Amino acid sequence: MNYPVLCYRPGCGQPAIYKVAARWSDGVTQELKTYALSCAGCLAAQFRKSREKRSACRLAAGETLEAPGVYELARGQRDAALVRRPDLESQLTESFPSS
Ligand SMILES: [Zn+2]
């Protein structure tokens, strides 16, 4: 049975249409590490939170983790086939308070 994937933001309840994820690798295997699933309205907040989490993340020797990016969430699509949205990422990054 198909059920909608919901936005991760507590209390939102909207279907998620974006995935915030970062490519992780230990040099041998590579995977897309999901930080959040989001509706359009919560994307800015969840993207910011994911980037904060990313900077707090400590990696073991040999591991690499990219900064989280925004991907279009498509049902039944494998991670490798997800469409990345750098345009949205830069829009969202520009709206961050400079630190
Ligand atoms: Zn939401």
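This structure is a prediction, so every number in the text was calculated from the model and none was measured.

1. Quick word on the coordination of the zinc ion
For the zinc ion, the protein coordination sphere consists of Cys 7 (SG), Cys 12 (SG), Cys 39 (SG) and Cys 42 (SG), at 2.2 to 2.4 Å. Taken together, the four donor atoms surrounding the zinc ion define angles of 101 to 118° at the centre, an arrangement classified as tetrahedral. In primary-sequence terms, the residues that donate to the zinc ion follow C-x4-C-x26-C-x2-C. Judged by relative accessible area, Cys 12 falls into the partly exposed class, the value being 21%.

2. Things to note about the packing of aromatic side chains
The full count for this structure, using the stated rule, is zero aromatic pairs. When the ring centre of Tyr 35 is taken as origin, the NZ or CZ atom of Lys 33, which lies over that ring, is 5.6 Å away.

3. Details of the nonpolar core
Membership of the largest hydrophobic core is limited to 12 residues, which are Tyr 18, Val 20, Ala 22, Trp 24, Tyr 35, Ala 36, Leu 43, Phe 47, Leu 65, Val 70, Leu 88 and Leu 92. Elements with a minimum of two residues in this core: strand S1 (18-25), strand S2 (30-38), helix H1 (43-56) and helix H2 (86-94). The biggest single contributor to this core is S1, with four residues. Among residues more than four places away in sequence, those in contact with Tyr 18 are Ala 36, Leu 37, Ser 38, Cys 39, Ala 40, Leu 43, Val 70, Tyr 71, Glu 72, Leu 73, Arg 85 and Leu 88.

4. Considering the environment of Glu 31
Its location among the elements puts Glu 31 in strand S2. For the pair Glu 31 and Ala 21, spaced 10 residues apart in sequence, the C-alpha separation works out to 9.8 Å. Those residues in contact with Glu 31 that lie beyond four places of it in its chain are Ala 22, Arg 23 and Trp 24.

The rules behind each value
- Residues numbered from 1 in each chain as written.
- Predicted model: local features only at pLDDT ≥ 70, side-chain atom pairs only at ≥ 80, totals over all residues.
- Heavy atoms only, no water.
- Donors = N, O, S within 2.8 Å, 3.2 Å for Na, K, Ca; no water.
- Tetrahedral: all angles 85-135°; square planar, octahedral: opposite > 155°, others 65-115°.
- Buried < 20%, exposed > 50% of the residue type's maximum accessible area, 1.4 Å probe, protein only.
- Phe/Tyr/Trp six-rings, centres within 6.5 Å; stacked < 30°, edge-to-face > 60°.
- Lys NZ or Arg CZ within 6 Å of the ring centre and 35° of its normal.
- Core = buried A, V, L, I, M, F, W, Y, C linked by side-chain atoms within 4.5 Å.
- Helix = DSSP H or I, 4+ residues; strand = E, 2+ residues; numbered from the N terminus.
- Contact = heavy atoms within 4.5 Å.

The quantities given are spatial measurements derived from coordinates; they are silent on function.
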